[in-house]
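Overview (structure and organization)
Here is what each chain is made of, one letter per residue.
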Amino acid sequence: MKNSSILFKVSLLGLAFAIGSAGHAAAQSVYSGERPHMVTSDQITWTDAPAVAPGAKIAVIEGPLNKAVPFTFRLKIPANSKIAPHTHPAFERVTVLEGTFYFSHGDTYERTKTTALGPGSVAIMPPNTPMFGYTKEDTVIQLHGIGPWGLTYLNPAHDPRKK
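Bear in mind that the values here come from a model prediction, so they are computed numbers and not experimental data.

1. A word on the sheet that holds strand S5 (residues 92-98)
Strand order in this open sheet of six strands is S1-S2-S3-S10-S5-S8, and the pairing throughout is antiparallel. The open sheet has two free edges, formed respectively by strand S1 (47-48) and strand S8 (122-125), since each of these has just one partner strand.

2. Considerations on the sheet that holds strand S7 (residues 115-117)
Here five strands make up an open sheet; going across it, the order is S7-S6-S9-S4-S11 and the pairing antiparallel. Whereas interior strands pair on both sides, the edge strands pair on one side only; in this sheet they are S7 and strand S11 (152-153). Sheet analysis places strand S4 (residues 82-87) next to strand S9 (residues 131-135), joined by three bridges and oriented antiparallel. Across the sheet, histidine 86 pairs through a bridge with methionine 131, a residue of S9.

3. Considering the side chain of glutamate 92
Within the element layout of this structure, glutamate 92 appears in strand S5. A polar side-chain atom of glutamate 92 sits 3.1 Å from a polar atom in the side chain of histidine 88. Within polar-contact distance, the side chain of glutamate 92 engages the side chain of tryptophan 149 at 3.2 Å. Beyond its immediate chain neighbours, meaning those up to four positions away, glutamate 92 contacts Phe103, Ala123, Ile124, Met125, Met131, Leu143, His144 and Trp149.

4. Focus: the confidence of the model for the protein
When pLDDT is averaged along the protein, the result is 84, and 80% of the positions lie at 70 or above. Low pLDDT, under 50, characterises residues 1-28; the predicted model gives this stretch 69 contacts beyond four residues in sequence or across chains.

5. Looking at the pairing of strand S3 (residues 70-77)
Relative to S3, strand S2 (residues 57-62) is paired through five bridges, and the arrangement is antiparallel. In the strand pairing of S3, valine 60 is matched with phenylalanine 73. Of the pairings in the sheet, the one linking S3 to strand S10 (residues 139-146) comprises eight bridges and is antiparallel in character. Residue pairing for S10: lysine 76 is matched across the bridge by valine 140.

6. Points about unusual backbone geometry
Across the junction of glycine 63 and proline 64, the peptide omega takes the value 10 degrees, indicating a cis bond. You can see proline 64 is positioned in the loop between S2 and S3. The omega torsion across glycine 147 and proline 148 is 5 degrees, close enough to zero to call that bond cis. Position of proline 148 among the secondary structure elements: in the loop between S10 and S11. For asparagine 128, which is not a glycine, the phi torsion comes out positive at approximately 60 degrees. As for its placement among the helices and strands, asparagine 128 is situated in the loop between S8 and S9. A relative accessible area of 53% places asparagine 128 in the exposed class.

7. Considerations on the pairing of S2
Of all six residues in S2, five are buried; the element is thus mostly enclosed. The pairing of S1 with S2 spans two bridges and is classified as antiparallel. Pairing of aspartate 48 across the sheet is with lysine 57, part of S2.

Rules behind the numbers
- Residues numbered from 1 in each chain as written.
- Predicted model: local features only at pLDDT ≥ 70, side-chain atom pairs only at ≥ 80, totals over all residues.
- Heavy atoms only, no water.
- Pairing = 2+ DSSP bridges.
- Helix = DSSP H or I, 4+ residues; strand = E, 2+ residues; numbered from the N terminus.
- Polar contact = N/O pair within 3.5 Å; in protein donor to acceptor, adjacent residues only side chain to side chain.
- Contact = heavy atoms within 4.5 Å.
- pLDDT = per-residue confidence, 0-100.
- Buried < 20%, exposed > 50% of the residue type's maximum accessible area, 1.4 Å probe, protein only.

Here's what the structure looks like:
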């Protein structure tokens, strides 16, 4: 059990590094889809996710994100974060686990157009739908779908990795 936990954490680090650097992951999580798999909260390893927002963290639970397979990951988004209009190439299903995520669709960032999504709330966005959001408090969201998943800002100058 200890070896599989270490392997799981190492795989998460590889996926998170790929998301932070390239916007999508090339590595693979430990979960292969071939047998049942359970993850406790203490097995989740968080790493930087600079493609999302300064200070954001990612934990990939199921992947790889760059292939046409199921994915599940969590994002910790710090208080007062702004996520500029962007798209994803796959359906994105977002569940708020902690905090409040102010979220909307559209190609122009308009805070007044967002919906406050608290714990247990869900948002489903079709592929290539422009969306944006922000936080007022530390917020944790879980995303899942079928890849490949990626993140493309409508205006490349709004990509936090370029600031």
